[in-house]
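Residues per chain are reported as follows:
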Amino acid sequence: MINIGGLKMIIKRIFDIVFALASIFLLTPLFFLIAVFITLNSNGGIFYMQNRVGKNGCVFKLFKFRTMFINSDHLGLLTIGNHDHRITPVGYWLRKFKLDELPQLFNVLIGDMSFVGPRPEVNKYVKLYNETQLRVLSVKPGITDWASIQYFNENELLAHSDDPEKFYIDEIIPSKIIQNLGYIDRRSFWMDIKIMLYTLKRLIN
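Structural notes, computed from the coordinates. (Residues numbered from 1 in each chain as written. Predicted model: local features only at pLDDT ≥ 70, side-chain atom pairs only at ≥ 80, totals over all residues. Heavy atoms only, no water.)

Some points on the overall build of the protein
Filter applied, for reference: Starting at the N terminus, helices and strands are each numbered in turn, a helix being any DSSP run of H or I of at least four residues and a strand any DSSP run of E of at least two. Our radius of gyration looks at C-alpha atoms and nothing else; its globule reference is 2.2 Å times the residue count to the power 0.38. For every residue, the accessible area obtained with a 1.4 Å probe (protein chains only) is divided by the maximum for its type, and the residue is called buried under 20%, exposed over 50%, and partly exposed between those limits. The criterion used for residue contact is that any of the two residues' heavy atoms lie within 4.5 Å. To be clear on the numbers: accessible area is Shrake-Rupley with a 1.4 Å probe, and residue cover counts the displayed protein chains and nothing else. As used throughout, the charge tally considers Lys and Arg to be positive and Asp and Glu to be negative, leaving His and the chain termini uncounted. Throughout, a charge is located at the NZ atom of Lys, the CZ atom of Arg, the CG atom of Asp or the CD atom of Glu.
Across its full length, the protein carries eight helices and four strands. For the protein, the sequential pattern of α-helices and β-strands runs α-β-β-α-α-β-α-β-α-α-α-α. In terms of overall dimensions, the protein is globule-like: its C-alpha atoms have a radius of gyration of 17 Å, near the 17 Å expected for 205 residues. Taken along its principal axes, the extent of the C-alpha atoms in the protein is 55 × 40 × 30 Å. Taking all 205 residues of the protein together, 43% fall into the buried category. Looking at the protein alone, contacts between residues at least 24 apart form 69% of all its contacts between residues at least 6 apart. A total of about 11,800 Å² of accessible surface is found on the protein, and carbon and sulfur atoms cover 64% of it. Each charge class in the protein was averaged separately, 24 positive and 18 negative side chains, and the resulting centres sit 6 Å apart.

Next up, the structure:
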């Protein structure tokens, strides 16, 4: 017999699959257009893949449209400001409207991610989590969450800091985790819908 928690997980997974398939189908022309612009704008592949830490600490490849020049991630994992010199001209616009995140629909379809859940972090920063903070790994990571809405302009916040990485570790990560733990304790299907709508509103505004 399936308990309430298990039923909620099944409903969430069905929603993820159906909505991911529908979104990929509808956005295919946009995917193609973005791919053309990336190819014409700079050397390198269309997609960028990065190892992120998912549910229960499992590492997976997160997909994004490439917005930086090749090997730019070797100069640092954080993007400082929207005009970081490592970002390509096309990449600037993709990041501005979060279009670089669209390939994560495939992560959702595969099952590595959900539409809503704590944003997955790189292992470098997960290693700094304390025991309480590690509880964010008890659920699937998501494309969006409350923290993503609050820190929509995170890159600009980092740009105004004297030590961006220290600010990210000491201020932003703890704040995000507090919100994520709150989400985990109160999550529901309707809360997920609410977060998705607020995210859409933030993108439009």
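Notes on the packing of aromatic side chains
What counts here: Classification of ring pairs rests on two measures: the distance between centres of Phe, Tyr or Trp rings, Trp counted by its six-membered ring, which must be within 6.5 Å, and the angle between planes, read as stacked under 30 degrees, edge-to-face over 60 and tilted in between. A ring is scored as having a charge over it whenever the NZ atom of a lysine or the CZ atom of an arginine sits within 6 Å of its centre and within 35 degrees of its normal.
The full count for this structure, using the stated rule, is 12 aromatic pairs. In this structure an aromatic cluster arises from ring pairing among F15, F19, F115, F189 and W190. The lysine or arginine in question, K96, covers the ring of F97, its NZ or CZ lying 5.8 Å from the ring centre. Stacked on the ring of F152, the Lys or Arg K98 has its end atom at 4.7 Å from the ring centre.

Some remarks on the side chain of T144
Relative to the elements of secondary structure, T144 occurs in strand β4 (residues 142-144). A relative accessible area of 8% means that T144 is categorised as buried. Apart from residues lying up to four places away in sequence, T144 is in contact with F115, V116, G117, R119, I149, I195 and T199.

Description of a nonpolar patch on the surface
This is how it is decided: Patch membership needs two things, relative accessible area over 30% and no salt bridge, and members are linked within 9 Å if like-charged or within 5 Å if nonpolar (Val, Leu, Ile, Met, Phe, Trp, Tyr). Whenever a carboxyl oxygen of Asp or Glu lies within 4 Å of a side-chain nitrogen of Lys or Arg, that contact is scored as a salt bridge.
Residues L7, I11, F189 and W190 make up a contiguous nonpolar surface patch of about 430 Å² in total accessible area. Put simply, the parts of the chain that give the nonpolar patch at least two residues each are α1 (4-41) and α8 (189-204). One can find I11 in helix α1. On the accessibility criterion, I11 (42% relative accessible area) is partly exposed.

Here we look at unusual backbone geometry
Of note, the phi angle at N56 is positive, near 60°, even though the residue is not glycine. Checked against the element boundaries, N56 lands in the loop between β1 (47-53) and β2 (59-65). Despite not being glycine, K98 shows a phi value in the positive range, around 60°.

A closer look at the pattern of salt bridges
For the structure on display, the rule yields seven salt bridges. The salt bridge involving E101 is made with K64; its shortest N-O contact spans 3.6 Å. Of this pair, E101 sits in the loop between α2 (89-96) and α3 (104-110) while K64 is found in strand β2, placing the two residues 37 residues apart along the sequence. For E101, a relative accessible area of 17% gives the class buried. Across the pair K176 and E154 runs a salt bridge, and its minimum N-O distance is 2.5 Å. With a gap of 22 residues between them, K176 in helix α7 (residues 164-186) and E154 in helix α6 (residues 154-159) connect regions that are remote in the sequence. Within the structure, one salt-bridge network assembled from shared partners comprises K64, E101 and R119.

Remarks on the nonpolar core
What counts is decided by this rule: Side-chain atoms within 4.5 Å link the members of a nonpolar core, which is a set of buried Ala, Val, Leu, Ile, Met, Phe, Trp, Tyr and Cys residues.
Core analysis: the largest hydrophobic core is formed by 38 residues, its most contacted members being F65, F115 and Y168. Looking at this core, the elements that each hand over two or more residues are α1, β2, α2, α3, β3 (114-116), α4 (123-126), α7 and α8. In terms of residue count, the dominant contributor to this core is α7 (seven residues). If sequence neighbours within four positions are ignored, F65 has contacts with F31, I34, I38, I46, F47, Y48, L94, L99, D100, L102 and P103.

Description of α2
Heads up, the rule is: The arc refers to the directions leading from the helix axis to the C-beta atoms.
What α2 keeps buried is the set V90, G91, L94 and R95. End-on view of α2: buried residues confined to an arc of 130°, all on one side of the axis. Two residues or fewer past α2, K98 is found with a positive phi of approximately 60°.

Concerning the side chain of N180
Note that N180 resides in helix α7. Excluding residues that lie within four positions of it along the chain, N180 makes contacts with P118, V136, D145 and A147.

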